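# Tertiary structure, described
Here's the letter readout for the chains.
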Amino acid sequence: MRNLAKIVLAVVLLCSASCMRWEYGEREHFNMLGDGVFVVNEGNFNYGGASLSYYDSTTKHLENEVFYRANVMKLGDVAQSMVVRNGVGWIVVNNSHVLFAIDIETFREIGRITDLPSPRYICFASDEKAYISQIDSDRIIIVNPKTFEKTGEIVCPMTTEYRTGSTEQMVLLGDYLYVVCWSYQRRILKIDTRTDEVVDYKDIGLQPKSMVADKNGKLWVVSDGGYEGNVLGYEPATLYRINPENLEVEQQFELGLNGSGDATRSASRLKINDKGDTLYWIDGGVWRMSIDATELPAEPFIAPIAGTYRSLYYALGVDPDTEEVYVGDALDYQQRSIIYRYSSEGELLDSFTAGVIAGDFCWKK
């Protein structure tokens, strides 16, 4: 009887293993040489539908779900951002509390950092030190990318006690890390990477979310201004130029109120070209402006699609070599996103379909 039970258990385990192989399929082998762009697809919150797409603009070759197909496992819940460094792609998966490292040609996982509170972005100080911001925590996590270990944390002073805290995009200039505090916050932090201490901070417009540095070493920040009914207020979204030495605002451009109940109007996704002299951001359409401009452009560089179709531009990227502009249309946040590729003159070159809620672009250089 005991032998029969063992046989039955063995059969059950064998069937389970077979089911798992059938469910996930066979591991695929990729060898994507040359340049290309990754599309990081968030997927819907709590649905575990995050995915990674890969597109070669020269051949117009598209591969969707490459992480899943190369690793025989799902990417997780809400893929937020991606950075490529020294042939390794680092994918931050917010609601799965994990950071994956992959080979950028085979898409195979080579390591991971787990148990992160609520990761959003990663910024490298060196090959052995990087910082990970958190949307629902007042702590920036310090990690060693070589060992995939957490090595410390930085407690950040928050503007308000309404939430536990929020750190978002980061920029490294010399020995200092600059951080915008976004969700229910209004603060920019300056951190000395030699001591990992906050040495200065400045409060600006409500919810500063996107930040880049220009060729002159100046910081540019977009605050989204919150939303109607927000407990912390509702104010115009604003583009700022900030002196990193003292965090003083040198110039600001009022973008207007985000549309209440109209998701097509929301200032976000500030980007800069590789030369560091031209800014891009989403605010209904895609806007482009020189860093030397004294007033906002009169019209968007890429207007929303007209007619009965309501475009929802959600993701934005600028090719570092060609300055082609990639725009992700999230449609209704349920369908797979449409990605539009425009020339540096604003001519539509191509379009393709990525995953649900394409949110970030990352070039394989």
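Relevant structure appears above.
Right, let's walk through the structure included here. (Residues numbered from 1 in each chain as written. Predicted model: local features only at pLDDT ≥ 70, side-chain atom pairs only at ≥ 80, totals over all residues. Heavy atoms only, no water.)

## Some points on the pattern of salt bridges
Overall, the coordinates contain 20 salt bridges when judged by the stated rule. Across the pair Lys146 and Glu128 runs a salt bridge whose closest N-O atoms are separated by 3.7 Å. Of this pair, Lys146 sits in the loop between β10 (139-144) and β11 (149-155) while Glu128 is found in the loop between β8 (119-126) and β9 (129-134), placing the two residues 18 residues apart along the sequence. Judged by its relative accessible area of 47%, Glu128 falls in the partly exposed class. When the shortest N-O distance is used, the salt bridge between Asp192 and Arg194 registers 3.0 Å. (Salt bridge = Lys/Arg side-chain N within 4 Å of Asp/Glu carboxyl O. Helix = DSSP H or I, 4+ residues; strand = E, 2+ residues; numbered from the N terminus. Buried < 20%, exposed > 50% of the residue type's maximum accessible area, 1.4 Å probe, protein only.)

## Regarding the sheet that holds strand β15 (residues 197-203)
Paired through backbone hydrogen bonds, the strands of a sheet run either parallel or antiparallel to each other. Spatially, β12-β13-β14-β15 is the arrangement adopted by the four strands of the open sheet, whose pairing is antiparallel. Where the open sheet ends on each side, the last strands, each with one partner, are β12 (170-173) and β15. Taking the axes of each pair of neighbouring strands and ignoring which way they run, one obtains an average angle of 20° across the sheet. Sheet topology places β12 next to strand β13 (residues 176-181); four bridges connect them, and they run antiparallel. Bridged to Val171 within β13 is Tyr178. (Pairing = 2+ DSSP bridges. Axes fitted to C-alpha atoms, helices over the stretch in contact; angles between N-to-C directions.)

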